[in-house]
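Remarks on the overall topology
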Amino acid sequence: MDEVFRALADPNRRRLLDSLNARNGQRLRELCDGLDMARQSVSKHLAILEEANLVTTVRRGREKWHYLNAAPINAIADRWMHRYDRRRAAALADLKQALESALMSESAFSYTTFIKTTPEQLWQALTDPAFTRRYWGVAFETDWRPGSTMTWEENGQRIDDPAQVVLEAEPPRRLSYTWHTPTPEWAAAAGIDDETLAALAAESRSKVTFEIEPHGQTVKLTVIHDDFPDGSTMRQMVSTGWPHLLSDLKTLLETGETLPPVPDEAWQN
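Everything numeric in this text was worked out from a predicted model, so none of it was measured.

Before going further, it helps to examine helix α11 (residues 233-255). In a regular helix each residue adds 1.5 Å, so 23 residues correspond to 33 Å; α11 covers 34 Å between its end C-alpha atoms and thus fits that length. Glycine 241 marks where α11 bends most, by close to 30 degrees; the proline proline 243 follows one to four residues later. Measuring from the backbone nitrogen of methionine 234 back to the side-chain oxygen at the start of α11 gives 3.2 Å, which picks out serine 232 as the cap. With its phi angle positive at about 85 degrees, glycine 256 sits one or two positions after the end of α11.

Here you go:
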């Protein structure tokens, strides 16, 4: 956490994080826009943020995309706010943000964690129903080939839709697929009300991408969930659900055990 606080101490680095919070997933030239700094200075600040794990990067061709990583901030919140009413604190923070700033676009959610495992074991944990049922409660029926459809099985419900497809599959390095359809049966099993279901059904479909990189004796896992419309209800839900789910995945791979089940409301708030 020392590296996190040192990185946050500089106002220019906080401005970069604010920019990624407003629009997650930007290239270096986009981050330089509006900042009174040379490109080299911005690169140095980003390197410090990346070293502190506050920013994670993904290469797409020749370009590097930068994403705000929620993991260190979530760890800080867990360390000092578990004794207090986090719902109340979050509500006050949301009110403060609403009063002080205009509505910001939240086009992507990113989370990076380091797991003591191998790329092959992590790939299996992301794709094998025997694993995914343990920490996620979800099983996928697919051959994991790009373009193949996916059937989701969750809470005793099967979700079939031709738009649920594998986008990329490069074992054991990269996996990407479209998110599931919010069906009435799924909503009922998850305790999601009709108003929320209607909002979800009206949104365009999002996608999730898993980047797997060897990192010494660990594996760096970056999850990017994006393609959300502005003001997305689905993004709000997954941004609270992913941290617990990925912590459970990490715990399972490192200890063989899982955390207590994530409550349905964690994906709804």
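This part is about the pairing of strand β7 (residues 166-170). As judged from the four bridges shared by β7 and strand β8 (residues 174-178), these two strands associate in the antiparallel manner. In the strand pairing of β8, glutamate 168 is matched with serine 176. Here β7 folds back onto β8 in antiparallel fashion, the turn holding three residues.

As a further point, take the sheet that holds strand β3 (residues 108-115). Backbone-to-backbone hydrogen bonds join strands into a sheet, with any given pair of strands oriented parallel or antiparallel. Spatially, β3-β10-β9-β8-β7 is the arrangement adopted by the five strands of the open sheet, whose pairing is antiparallel. The sheet terminates laterally at β3 and β7, the two strands that pair on one side only. This sheet shows a mean twist of 10 degrees between the axes of neighbouring strands, independent of strand direction. Note: β8 against strand β9 (residues 207-215), five bridges, orientation antiparallel. What sits directly across from arginine 174, in β9, is glutamate 211. Most of the contacts of helix α7 (residues 119-127) go to β9, to which it runs at about 160 degrees, and overall it touches β3, β7, β8, β9 and β10 (218-226). Across the sheet, α11 touches β3, β9 and β10, and the angle it forms with β3 is around 10 degrees.

Moving on to unusual backbone geometry. Most peptide bonds adopt trans geometry, and most residues besides glycine take a negative phi value. The residue after proline 171, namely proline 172, is reached through a cis peptide bond having omega -5 degrees. Non-glycine residue asparagine 155 carries a positive phi angle of around 55 degrees. Looking at the element boundaries, asparagine 155 is found in the loop between β5 (151-154) and β6 (157-159). Residue classification places asparagine 155 among the partly exposed residues on the basis of a relative accessible area of 39%. The backbone of aspartate 227 shows a phi angle near 70 degrees, a positive value even though the residue is not glycine. Residue position: aspartate 227 is located in the loop between β10 and α11. Here aspartate 227 falls in the partly exposed class, since its relative accessible area comes to 41%.

By the definition in use, this model includes 12 salt bridges. The partner of glutamate 153 in a salt bridge is arginine 133, with the nearest N and O atoms 3.8 Å apart. With glutamate 153 in strand β5 and arginine 133 in helix α8 (residues 129-135), the pair connects residues that are 20 residues apart, well separated along the chain. Accessibility expressed as a relative area gives 45% for arginine 133, which makes it partly exposed. Note that arginine 158 and glutamate 141 form a salt bridge whose closest N and O atoms lie 2.6 Å from each other. In this pair, arginine 158 is assigned in strand β6 and glutamate 141 in strand β4 (residues 138-141), connecting sequence segments 17 residues apart.

Another point: the sheet that holds β5. The strand order across the open sheet built from three strands is β4-β5-β6, with neighbouring strands paired in antiparallel fashion. Across the chains shown, the open sheet's two edge strands, defined by having one partner strand only, are β4 and β6. Each adjacent strand pair in this sheet contributes to an overall mean axis angle of 20 degrees, direction not counted. Here four bridges tie β4 to β5, and the two strands are oriented antiparallel to one another. Of the residues in β5, the one forming a bridge with valine 138 is glutamate 154.

Before going further, it helps to spend a moment on the nonpolar core. Residues Trp136, Tyr177, Trp242 and Leu249 are the most contacted members of the largest nonpolar core, which totals 43 residues. The element that contributes the greatest number of residues to this core is α11, accounting for nine residues. Contacts of tyrosine 177, omitting those with residues within four sequence positions, involve Trp136, Phe140, Trp144, Met150, Trp152, Val165, Val166, Leu167, Lys207, Val208 and Phe210.

The next thing to look at is the packing of aromatic side chains. One pass over the structure, following the stated rule, counts 14 aromatic pairs. Measuring from centroid to centroid gives 6.0 Å for tryptophan 144 and tyrosine 177, while their planes differ by 50 degrees, and the two rings are tilted. Taken as a pair, tryptophan 144 in the loop between β4 and β5 and tyrosine 177 in strand β8 lie far apart in primary sequence, 33 residues in all. Each member of the pair tryptophan 144 and tyrosine 177 is classed as buried.

Conventions used here
- Here the residue index of a chain counts from 1 through its sequence in written order.
- Only residues with pLDDT of at least 70 are given local features in this predicted model, and only at 80 or more are side-chain atom pairs given and counted; all residues enter the totals for whole chains, interfaces and linings.
- With hydrogens and water set aside, each side-chain value is computed from the structure's full complement of heavy atoms.
- Labels follow the DSSP assignment, with helices taken as runs of H or I lasting at least four residues and strands as runs of E lasting at least two, numbered in each case from the N terminus.
- Any helix carries an expected span of 1.5 Å times its number of residues minus one.
- To get the bend at any residue, fit one axis to the seven residues that end at it and another to the seven that begin at it, then take the angle between the two axes.
- Each polar contact in these results corresponds to two N or O atoms within 3.5 Å; when the atoms are within protein, one needs to be able to donate a hydrogen and the other to accept it, and residues that are neighboring in sequence are counted only if both atoms are side-chain atoms.
- Any two strands between which DSSP finds at least two bridges are classified as paired.
- Axis definition: a line fit to C-alpha positions, over the contact stretch in the case of helices; interaxial angles, taken between N-to-C directions, run 0 to 180 degrees.
- A contact between two residues is defined here by any heavy atoms of the two lying within 4.5 Å.
- Each residue is assigned to one of three classes by its accessible area relative to the maximum for its type, calculated with a 1.4 Å probe on protein chains only: buried under 20%, partly exposed between the two thresholds, exposed over 50%.
- Salt bridges are identified by distance alone: a Lys or Arg side-chain nitrogen within 4 Å of an Asp or Glu carboxyl oxygen.
- Grouping buried Ala, Val, Leu, Ile, Met, Phe, Trp, Tyr and Cys residues that are joined through side-chain atoms within 4.5 Å yields what is termed a nonpolar core.
- Whether two aromatic rings pair depends on their centres lying within 6.5 Å, for rings of Phe, Tyr and Trp, where Trp uses its six-membered ring; planes under 30 degrees apart make the pair stacked, over 60 edge-to-face, and the rest tilted.

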